[in-house]
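# Summary of the model geometry
Residues per chain are reported as follows:
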Amino acid sequence: MGNLDKSIDLTNVWIRDILSQLRWQSKESGYQALRGTLHALRDRLPPEEAVDLAAQLPLIVKGIYYDGWTLRDKPEKFKKEEFARRVHAQFGFDENVNPAEVIRAVLRVMYNHMGEGELWDVRSNMPKEIQEWFPEEVAPKG
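Residues numbered from 1 in each chain as written. Predicted model: local features only at pLDDT ≥ 70, side-chain atom pairs only at ≥ 80, totals over all residues. Heavy atoms only, no water.

## Topic: the overall build of the chain
Counting its regular elements, the chain contains eight helices and zero strands. Ordering the α and β elements of the chain from the N terminus gives α-α-α-α-α-α-α-α. Summarising its shape, the C-alpha atoms of the chain cover approximately 40 × 35 × 35 Å along the three principal directions. Put simply, the chain has 142 residues, and 46% of those count as buried. Considering only residue pairs separated by 6 or more positions, the chain has 67% of its internal contacts joining residues 24 or more positions apart. In the form shown here, the chain has an accessible surface area of approximately 7600 Å², with 47% of it arising from carbon and sulfur atoms. Placing the 20 positive and 23 negative side-chain charges of the chain at their respective mean positions leaves the two points 1 Å apart. (Helix = DSSP H or I, 4+ residues; strand = E, 2+ residues; numbered from the N terminus. Buried < 20%, exposed > 50% of the residue type's maximum accessible area, 1.4 Å probe, protein only. Contact = heavy atoms within 4.5 Å. Areas by Shrake-Rupley, 256 points an atom, 1.4 Å probe, with all protein chains shown as cover. Lys, Arg positive; Asp, Glu negative; His and termini not counted. Charge placed at Lys NZ, Arg CZ, Asp CG, Glu CD.)

Now the structure itself:
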């Protein structure tokens, strides 16, 4: 199997895992959850950390992550409510979608596939209120 096929398969596994976490069926909704959370993370991170995170992502997921990104005015210093609003916007602000649950699910899937190393760096670059959404395993020990 080639790199492209492997990356497509891995992206489908990530989306399937997100759907499983959220108990959803729609692959499109899983994609929207992944895209919205990745874009909010990317835009909130300092550029160097955003690039470090991208390096850990599967090829197709990396494309989703970088889609529409610009270095201008990064990081954007938004708070928890704006982070959630950006993710919720992916769903047209559907009242049946809880953005905090979506963010937690995507971060859990990222943790399951990437481990705590890079995600710990990402978490440490977030304000405390956003850090609350990260899996407990990524919290500082002590």
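## Remarks on the pattern of salt bridges
Throughout the structure, instances matching the rule amount to nine salt bridges. Linking Asp 43 and Arg 86 is a salt bridge whose minimum nitrogen-to-oxygen distance equals 3.5 Å. With Asp 43 in helix H2 (residues 27–44) and Arg 86 in helix H5 (residues 80–89), the pair connects residues that are 43 residues apart, well separated along the chain. A relative accessible area of 8% places Asp 43 in the buried class. What you see here is one network of salt bridges that share partners, running through Arg 42, Asp 43, Lys 74, Glu 76, Glu 82, Arg 85 and Arg 86. (Salt bridge = Lys/Arg side-chain N within 4 Å of Asp/Glu carboxyl O.)

## A few points about a nonpolar patch on the surface
Taken together, Leu 4, Ile 8 and Leu 59 make up a surface patch of nonpolar side chains, about 280 Å² in accessible area. Here Ile 8 is to be found in helix H1 (residues 3–22). (Patch = residues over 30% accessible without salt bridge, like charges linked within 9 Å, V, L, I, M, F, W, Y side chains within 5 Å.)

## Here we look at the packing of aromatic side chains
Aromatic ring pairs are described here by two measures, namely the spacing of the ring centres and the angle between the planes. In total, this model carries five aromatic pairs according to the counting rule given. For the ring pair Tyr 65 and Tyr 66, a centre distance of 5.3 Å and an interplane angle of 75° mean the geometry is edge-to-face. On the accessibility criterion, Tyr 65 (0% relative accessible area) is buried. Here Tyr 66 falls in the partly exposed class, since its relative accessible area comes to 29%. Here the aromatic rings of Phe 78 and Phe 83 are separated by 6.1 Å at their centres, their planes lie at 55°, and the arrangement is tilted. Judged by its relative accessible area of 7%, Phe 78 is buried. Overall, Phe 83 belongs to the buried group, its relative accessible area being 0%. Following the ring pairs from residue to residue traces out a cluster consisting of Tyr 65, Tyr 66 and Trp 69. (Phe/Tyr/Trp six-rings, centres within 6.5 Å; stacked < 30°, edge-to-face > 60°.)

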